[in-house]
Amino acid sequence: MPETETHNAIELVNLTYTYPEQDQPALKDVTLVIEKGEYVVVVGPNGAGKTTLCLHMNGVIPNVLGGRIKGKSEIMGLNTRRHHVYDMALHVGIVLQDPEAQLFTSDVRSEVAFAAENLGVPREEMIKRIDWILDVVRLKDFVDRPPAQLSGGQKQRLAIASSLVMQPNIIVLDEPTSQLDPIGSQEVFSVLRDLNKELDMTVLISTHKSDYAAKFADRVVVLNEGKIVAEGPPENVFSQVDLLDKINVQVPAITRVEWEMKSELGITDFSIHLDETSAKLKKFLKGKNIVWETLTDQEKTSETPALGEGYVELDQVTFQYPGTKVNALQDVSLSVGKGEFVGIIGQNGAGKTTLVKNIIGLLKPTSGKILIDGKDISEELVEEMAQTIGLVLQNPDAQLFEMSVEEEVAFGAINMGFSEVEVAEQVEYAIAATGLEEFKENYPFNLSFGDRRKLSVAAVVSMNPDILIFDEPTTGQDYKGRRELADIARNLNERGRTIIMITHDMDLIAEYTRRLIVMGTSRILVDGPTEEVFQQVDLLAETFIEPPQITQLAQSLEKYGVPGEILAVEELCQILKKEMGK
Amino acid sequence: MSLLTFIKKDTPVHRLNPLTKMFMIGILWIVAFVSANMIVMLAVLVFNIIIWFIGKIPFSNLKILLGVVAIVGILMIVIQGFFWHPTGEYTTLFSLLGKDFLLEGALFGLTLAVKLLAIASAIPILVMTTPVSPFMAALAALKLPFKFIFVFGTAMRLVPLVQEVFDEIREAQRLRGHNITRMNLWKKITKGYLPLFIPLLLSLLRKTNDMDIAIESRAFGAPVKRSYLEDVSLKGRDYFAMIVVFAFGAGLMWLSSYMGWGAGVTGWMAPAAVP
C-alpha cells in the first residue's frame, strides 16, 4: 500500500472533469486539500457539481463513470485514476443521494453487514459494529425488516449505516439528510461529528442545509457552476451574504439577522451560532422591554385564519397496512376549509404520507370516514377523484413518459375527458402557473431536477383539482428550488386552491403556511396557527422537530419582550430596528 | 411470485440451517426422481406437506402449485393416454379419431404428474423459510464463488424491486387519471402500457446504474477473504433433521426396491413386481 504518514486525506489540485459525451466540464479547476480529521461541508445550488465532487472521492469517477479528467486527484495518498474502487473502499465510505438505489439486500442487518463482509471483517467484530451503528442511526428495532418496508428517512439512515460499518478513514456523504426530519438531520451531522472526534474520521458532506453546515463544520466549501467560489471557516463563508444570495445558497437565519442589523449593532463579523447571536442581542436589549402586544393583537385578529370548515373532513380515521399489526394512522380527525394553506410536519415514519394517501383514496381507511366537499369518498376511485384532489408525489421521475413538457402536462387533462379546447386551456394555465413556458417543447428528462419537479406539479394542476397536496416538495431541492415550488403553491392558493403541504423544511413552513398540523407516531399531536404551534417546543421535540432557527432566536429573547412566535427574519429585524430607533 | 418469497415466521423449519434444508430437498428429490412407484412418491408428497405444516407455509401456495401441476398433469395424462406405447398387456378405455386411449398410458401420465408435484412441493421448504442472506452464506459455505452467489441473491431481490418501482409508477399515473383496468385490450396496447412501461424502463436503468456505484463503493470484489455475518454452522437440530430425512429416504428406496421401482409401466400397479 503506497500510504504514507505525511499525505492529506483529500488532495485535489487543479482538477477539471468532464462527463462522457458532455462538452462542458462539471468541475473546473478545483483545488481542495483536506487534512486528516477535518469536517468539511460543501454547499451550493443544484447543478453546482457537489455530487460530481463526491464521486471523485472513492474513484467512482473516473473508474466507473468514465469521462475526461485533468489535474491531480489523490485520496489518502492513492491516485484515484490508478486504483480500483474496492481499493479506495478500504479508506473511503460513500453515501449517495438516492437511498433506494443503494439498498439491495433482503433485510436491514444484511444490508449493513454487506460492506463489512466484503472487507472480511471477522464475524464477532462485525456483530459489534452492526449493533453499534444501528443504535446510532435509530434502526435497532428494524433489523429484520426488508429495506423496502422502511420510510424514506429510515432508508437514508440505513444507507449511512451501511457505509459507516466499514469505519473508513474518510466518509463522504452526498446530501445525506434530504429526506430526514430536522432532529434526524441534526443527529446525522452530530453522529458524524462524534466519529470525526473519536475516530479521527475525515468527514465530507454535501448539503443544502446551511444551518447544520454552520453548526458542525470546521470548514465550508461553496461550489457554484463547478468552481469553488468561497471556502473557509463557516463564520467567514456565511458572512458573505451578498455572494450567497447571488448564487442562491441559504444563509443561516441568525447570520442574516446580524447582517440585516449590522449598522444598528455596529458589527462587521457575523455569528453563525444561535447562542452567540442571542447573547449579542440580549446585550443590546438589556434594560429595554419591547412593547408589541397591542400591535400583534390587532394583527392576530386580522391574520389568524379560521381553522378548517369541512371541505376536507376526516372522522376518526384509522389505517393499518395489510399484513401489519400496527396502526399507521390512529383515530385521526381533521377538518380543512376551502382555500386554506395547511402544512403537515412530523418525524420520519409518523404517518404523513399515509395520511395524504388516505385523503386522496390511494389507501382506504380501515375504519373511520373521509368526506371531500361533503361527499364520502370510500367508494370513489382515485382516477375519478383526480379532478377534485391532486397529489404531487415525491419522485417526479416515476411518471414522466411523454416526448415533450406540453404533452406530459396534457396527459392528465386528456384522461379527465376534457374537450380539446379545455385541454389546451388547462395546459397553458398549468405551464404558466409553474413557470415552464420556455420549456414547452423540451424533452422532460432534459430538464433539471428542479424543473422536473415543477413539471410534476403542472401535470397535476392541468386536471384542475380544487385541492392540491404536495408530498415533500423540497426533497433534493436547493434553496431557490424549494422557494420556487412553495411560491407555485402559494400562487395556486391565492387563486382559490386548497393546499396541503408535507415537508421537513421548517423555514418554508414558517414562511408559507398559516395553519400547521404536527403528526407524532400515527396520530395528530397538535393542529393550530403556525406561530402558535412553534411555541410548543417540548411537544415538537417529541416528534423530532424543532422550530425554525429564527423562532428559536426569538424565543430566547422573550424575556426582553420579543414575541416568541416570530416566523421570519424580517419580522424580528423590524421589531429590533424599531426598538433601536427609539 | 409469492411461491418463491421468504415469509418471516418462527418455526422449527425456519430455524434449520439452510444447508440442512438443501440436504433434505436433495434427498427428497433423489427419491422422487429415481422411483416411479406411486406409493413412494405419494409418501414424499405427504412428507413435504407435513413440513409445510410445521413450517407454517401458507397452504394457499399449495393451491397455486396444485393448479400449475393439475394443468401439466392433465396434459400428461391425455398425451400419455393416446401416445404411450404398450410393451405388454393393455386396456383400451375409448377411441378418438381412430386413436386408442390406454389406461396404462393415462396412469403413466398420472405418475409423472405426481412426480412433478412431489419435486415441486419441496422447493418452498427451502425458499419460503430461508431469508436471502443466510441462503447466500450457505451457498458460500459450499465454496461457490461469491460473485455467482451475489448475482443469484440480487436476482432474488430483483423481482420485488421491479414490483416496487412498478407500483410507484402505477400509483403516480392513477393520480393523473390513468386507469388501465378500465381499458379494452386495444386501448391497453395503444395507450395503456406506455405511461407505465416507459417510466419503469427509465427508472430501472437509472437505479441499476446507481446500484452499480453503491455496490462498488461498498468494497464489492475487494481482494480479501470475504467474511459472513450469518452463522452457518450446524446445530443439533440440523443433525436430527438430516438423520430423519436420510432414514426416510433410505426407507423409501428400500420400499421401491421391494415393491418395484415402477420401471416399464408402473411398479405399484403391476402385481408381478411384488415378489
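Residues numbered from 1 in each chain as written. Chains lettered and ligands numbered in written order. Predicted model: local features only at pLDDT ≥ 70, side-chain atom pairs only at ≥ 80, totals over all residues. Heavy atoms only, no water.

Taken together, the contact between chain A and chain B spans 68 residues of the former and 50 residues of the latter. Viewed at the interface, chain B and chain A are joined by 18 residue pairs in polar contact (both at pLDDT 80 or more). Residue assignment for the side of chain A that touches chain B shows that the elements contributing at least two residues are α3 (85-89), β6 (92-95), α4 (108-118), α5 (123-136), α15 (352-360), α16 (382-385) and α17 (405-415) of chain A. The greatest single-element share of the side of chain A that touches chain B, amounting to nine residues, is contributed by α4(A). (Contact = heavy atoms within 4.5 Å. Polar contact = N/O pair within 3.5 Å; in protein donor to acceptor, adjacent residues only side chain to side chain. Helix = DSSP H or I, 4+ residues; strand = E, 2+ residues; numbered from the N terminus.)

Before going further, it helps to examine empty space enclosed by the protein. Scanning the entire structure with this criterion turns up five cavities of 30 Å³ or more. In this model, the largest cavity occupies a volume close to 200 Å³. Forming the walls of the largest cavity are 19 residues, and the residues nearest its centre are Thr105(A), Ser110(A), Phe114(A), Ser133(B) and Met136(B). Here the lining of the largest cavity takes five residues from helix α8 (residues 146-174) of chain B, the largest share from any one element. In this structure, the second largest cavity encloses a volume near 70 Å³. Considering the residues around the second largest cavity, the lining is formed by Val136(A), Val137(A), Arg157(A), Ile160(A), Leu164(A), Gly184(A), Glu187(A), Val188(A), Val191(A) and Leu192(A). Elements with a minimum of two residues in the lining of the second largest cavity: α6 (152-164) and α7 (182-198) of chain A. Among the elements that take part in the lining of the second largest cavity, α7(A) stands out by supplying five residues, more than any other. Looking at the lining of the second largest cavity residue by residue, the class counts come to seven nonpolar, one polar and two charged. (1 Å grid on protein atoms, 1.4 Å probe; cavity = no way out; pocket = protein on both sides within 12 Å on 5 of 7 lines; lining within 4 Å. Points joined across faces, edges and corners; volume = space filled by probe spheres on them. Nonpolar A, V, L, I, M, F, W, Y, C, P; charged D, E, K, R; others polar.)

Below, the discussion takes up the side chain of Thr354(A). For Thr354(A), the location among the structural elements is in helix α15. In this structure, Thr354(A) is in contact with Phe319(A), Tyr321(A), Ala328(A), Leu329(A) and Leu363(A), ignoring residues within four places of it in sequence.

All names here are of chain A. Overall, mixed pairing links the six strands, which are arranged β6-β7-β8-β3-β9-β10 in an open sheet. Only two strands of the sheet have a single neighbouring strand rather than two, namely β6 and β10 (227-232). Across the sheet, the axes of successive neighbouring strands diverge by a mean angle of 15°, strand direction being ignored. As paired strands, strand β3 (residues 39-43) and strand β8 (residues 202-206) are joined by four bridges and run parallel to one another. Bridging across to β8, Val 42 finds its partner in Ser 206. Sitting on the sheet, α7 is in contact with β3, β7 (170-174) and β8, with an inclination near 145° to β3. (Pairing = 2+ DSSP bridges. Axes fitted to C-alpha atoms, helices over the stretch in contact; angles between N-to-C directions.)

Attention shifts here to the nonpolar core. Tyr39(A), Leu134(A), Leu192(A) and Val222(A) are the most contacted members of the largest nonpolar core, which totals 62 residues. If we ignore the near neighbours within four places in the chain, the residues touching Leu134(A) are Val108(A), Val112(A), Leu139(A), Lys140(A) and Val143(A). Formed by 52 residues, the second largest nonpolar core is a distinct cluster that contains Ile10(A), Ile61(A), Leu223(A) and Leu19(B). (Core = buried A, V, L, I, M, F, W, Y, C linked by side-chain atoms within 4.5 Å. Buried < 20%, exposed > 50% of the residue type's maximum accessible area, 1.4 Å probe, protein only.)

Okay, the sheet that holds strand β4 (residues 68-75) of chain A next. All names here are of chain A. As summarised here, the arrangement of the four strands in space is β2-β1-β4-β5, forming an open sheet in which the pairing is antiparallel. The strands lining the two open edges of the sheet, one partner per strand, are β2 (27-34) and β5 (78-79). For strand β1 (residues 10-18) and β4, the ladder comprises seven bridges, and the chain directions are antiparallel. Bridge pairing links Leu 12 to Ser 73 in β4.

Attention now goes to the confidence of the model for chain B. All names here are of chain B. The predicted model of chain B has a mean per-residue pLDDT of 83, with 93% of residues at 70 or higher. A low-confidence stretch, residues 263-275 stays under pLDDT 50, and its non-local contacts, those more than four residues away or across chains, total 19 contacts. Overall fold confidence for the complex sits at a pTM of 0.79, while the interface term, ipTM, reaches 0.80. (pLDDT = per-residue confidence, 0-100.)

Okay, the side chain of Glu340(A) next. Mapped onto the fold, Glu340(A) is located in the loop between β12 (327-336) and β13 (341-346). Polar side-chain contacts of Glu340(A) include one of 2.7 Å to the backbone nitrogen of Gly337(A).

Moving on, we come to the pairing of strand β2 (residues 99-102) of chain B. All names here are of chain B. Bridge analysis of strand β1 (residues 92-96) against β2 gives four bridges, and the strand direction is antiparallel. Across the sheet, residue Phe 94 finds its bridge partner in β2, namely Phe 101. Turn length for the β1-β2 hairpin, with the two strands adjacent in sequence and antiparallel, is two residues, and the turn residue Leu 97 shows positive phi of about 50°.

Time to look at the environment of Arg129(A). Residue and element names in this part refer to chain A. Mapped onto the fold, Arg 129 is located in helix α5. The buried category is assigned to Arg 129, whose relative accessible area is 14%. Each residue touching Arg 129, except ones within four places of it in the same chain, is listed here: Val 121, Val 165, Met 166 and Gln 167. Within the local environment of Arg 129, its side chain forms a polar contact with the side chain of Glu 125, the two groups lying 2.8 Å apart.

Trans peptide bonds make up the majority, and among non-glycine residues the majority have a negative phi. Residues and elements named next belong to chain A. Note that the residue after Ile 61, namely Pro 62, is joined by a cis bond; omega there is 5°. Looking at the secondary structure, you find Pro 62 in helix α2 (residues 60-63). Phi angles above zero are rare outside glycine, and Asn 14 is one such case at about 45°. Owing to a relative accessible area of 39%, Asn 14 belongs among the partly exposed residues under this scheme.

Turning next to the packing of aromatic side chains. Two descriptors summarise a pair of aromatic rings, namely the distance from one centre to the other and the angle between the planes of the rings. Summed over all chains, the structure comprises 21 aromatic pairs over all chains. Judged by centre distance (6.2 Å) and plane angle (85°), the rings of Phe82(B) and Phe94(B) are edge-to-face. One end of the pair, Phe82(B), is in helix α4 (residues 59-83); the other, Phe94(B), is in strand β1, with 12 residues separating them in the sequence. Residue classification places Phe94(B) among the partly exposed residues on the basis of a relative accessible area of 41%. For the pair Phe146(B) and Phe150(B), a centre-to-centre distance of 5.9 Å together with 40° between the ring planes defines the contact as tilted. Taken together, the residues span about one helical turn, with Phe146(B) and Phe150(B) both in helix α8 at a distance of four residues. Phe150(B) carries the same exposure label as Phe146(B), and that label is buried. Ring pairing ties together the aromatic residues Phe104(A), Phe114(A), Phe146(B), Phe150(B), Phe220(B) and Tyr228(B), which thus form one cluster. Above the face of the Phe146(B) ring, Arg226(B) is positioned so that its terminal group lies 3.6 Å from the ring centre. (Phe/Tyr/Trp six-rings, centres within 6.5 Å; stacked < 30°, edge-to-face > 60°. Lys NZ or Arg CZ within 6 Å of the ring centre and 35° of its normal.)

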